[in-house]
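Listed here are the chains, written in short residue letters.
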Amino acid sequence: LATPHVGFGSDETCPLDRAWYIPFSRFLVPLVSSRVLGAAGRQFFLSDKEKVILRMASHVELEGLRAFRTRTLYANVSGDHLVGWANSSLRFAHELEDVRARIAEAQDAEHRGVVLEDDVALAMAEATCAPSSVSVPESQADAMANLCALGWRRIDCSFRNSRLPGVAHQHIMVQRPLVNGVGRKTAMHLAEQIGMCVV
C-alpha cells in the first residue's frame with residue numbers, strides 16, 4: 001500500500017517540519033532525520049550520494065510496479081504529519097489547486113474519508129504522461145515523469161472534520177480502531193476497490 005517514492009524531494013516531503021515554525025527547519029529536519037534514521041533518513045531527503053530513491057524511479061527499477069495490473073493511490077488532503085498531499089498522490093504542488101477546488105465543490109461539512117476519486121478505469125491505464133527520456137532520473141521532475149507514465153488512479157481522502165484531524169496518517173489505515181475508527185469507511189472503500197479490480 002506504499003512506495004518510498006511518495007516521500008521525497010519537495011516542500012511537501014515532510015509536513016512535520018513546517019509545524020516547528022523554525023525558519024531554518026528545512027535544513028534542520030534532514031540533518032536530524034539522517035542522525036535518527038541513518039541511511040534511510042538521508043535517502044528520504046535525497047541527501048545520500050547514491051540517490052537511491054531517484055534510482056528506484058529508473059525505467060528498469062519500475063518494472064516491478066509496472067507488473068501490477070492496477071495502481072491506485074490513497075492520499076490525505078490534509079492533516080498527514082508524515083507524508084504531504086503532493087507526494088502521496090504523486091502530483092506536483094502546482095497541480096493541487098485545481099484538485100482542491102474540485103474537492104471544495106464535492107465535500108459537504110460532515111464528510112469524512114474519500115472526498116474525490118478518479119474513475120476506476122484509470123487504475124488499469126497504461127500511462128497518464130510520457131516517461132522521462134533519461135534512463136536514471138537526475139531530478140524529482142524526471143522521477144515523477146517516470147512514475148506517472150505507469151498510470152495511476154488517485155483517491156483523495158479528508159478527515160478534516162474528525163475529532164483528531166491532525167493524525168490523518170493513522171486514520172487512513174485505521175492504525176488503532178478506538179482512536180482512528182473514523183478511517184473505517186476508507187478501509188472499506190479500499191476493500192471494495194480491490195474487489196472491483198480482481199477478475
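For clarity, every value in this text was computed on a predicted model and none was experimentally measured.

**Section: the overall build of the protein chain**
Part 1: From N to C terminus, the protein chain includes 10 helices and 3 strands.
Part 2: When its helices and strands are written in sequence order, the protein chain yields α-α-α-α-β-α-α-β-α-β-α-α-α.
Part 3: Of all 199 residues assigned to the protein chain, the portion counted as buried reaches 44%.
Part 4: Within the protein chain, contacts between residues separated by at least 24 positions form 68% of all contacts whose residues are at least 6 apart in sequence.
Part 5: Per element, the accessible surface of the protein chain, about 11,300 Å² overall, is 60% carbon and sulfur.

**Some thoughts on the sheet that holds strand β2 (residues 113-117)**
For sheets, the rule is that strands pair by backbone hydrogen bonds, running either parallel or antiparallel.
Part 1: If you walk across this open sheet you meet the 3 strands as β1-β3-β2, and the pairing is mixed. Since the sheet does not close on itself, it has two edges, and those belong to β1 (72-76) and β2, each with one partner. On average, each strand axis in the sheet is tilted by 30 degrees relative to the strand beside it, whichever way the strands run.
Part 2: Examined bridge by bridge, β1 and strand β3 (residues 153-158) share 5 bridges and lie parallel to one another. Across the sheet, the residue bridging to Y74 is I155, located in β3.

**Observations concerning the nonpolar core**
Part 1: Counting 9 residues, the largest nonpolar core is built from A75, V77, W85, A86, L96, V99, I103, V115 and L116.
Part 2: If one sorts the elements of this core by residue count, helix α6 (residues 96-106) sits on top with 3 residues.
Part 3: Among the nonpolar cores identified, the runner-up in size contains 8 residues, and L73, M144, L147 and W152 belong to it.

**Here's the deal with the pairing of β2**
Part 1: Of all 5 residues in β2, 4 are buried; the element is thus mostly enclosed.
Part 2: Sheet analysis places β2 next to β3, joined by 4 bridges and oriented antiparallel. Paired with L116 across the strands is D156, a residue of β3.

**Some words on the side chain of S89**
Part 1: Within the secondary structure layout, S89 lies in the loop between α5 (85-88) and α6.
Part 2: Within the local environment of S89, its side chain forms a polar contact with the backbone oxygen of W85, the two atoms lying 2.8 Å apart.
Part 3: Contact partners of S89, with chain neighbours within four places excluded, come to L73, A75, L96, R154 and D156.

**Quick word on helix α7 (residues 140-148)**
Side chains of residues three or four places apart in an α-helix project in the same direction, reflecting 3.6 residues per turn.
Part 1: Burial of α7 is extensive: 8 of the 9 residues sit out of reach of the surface.
Part 2: Buried within α7 we find Q140, D142, A143, M144, A145, N146, L147 and C148.
Part 3: Close packing links the buried residues of α7 with α3 (52-56), α4 (63-66), α5 and β3.

What counts and what doesn't
- Residues numbered from 1 in each chain as written.
- Predicted model: local features only at pLDDT ≥ 70, side-chain atom pairs only at ≥ 80, totals over all residues.
- Heavy atoms only, no water.
- Helix = DSSP H or I, 4+ residues; strand = E, 2+ residues; numbered from the N terminus.
- Buried < 20%, exposed > 50% of the residue type's maximum accessible area, 1.4 Å probe, protein only.
- Contact = heavy atoms within 4.5 Å.
- Areas by Shrake-Rupley, 256 points an atom, 1.4 Å probe, with all protein chains shown as cover.
- Pairing = 2+ DSSP bridges.
- Axes fitted to C-alpha atoms, helices over the stretch in contact; angles between N-to-C directions.
- Core = buried A, V, L, I, M, F, W, Y, C linked by side-chain atoms within 4.5 Å.
- Polar contact = N/O pair within 3.5 Å; in protein donor to acceptor, adjacent residues only side chain to side chain.

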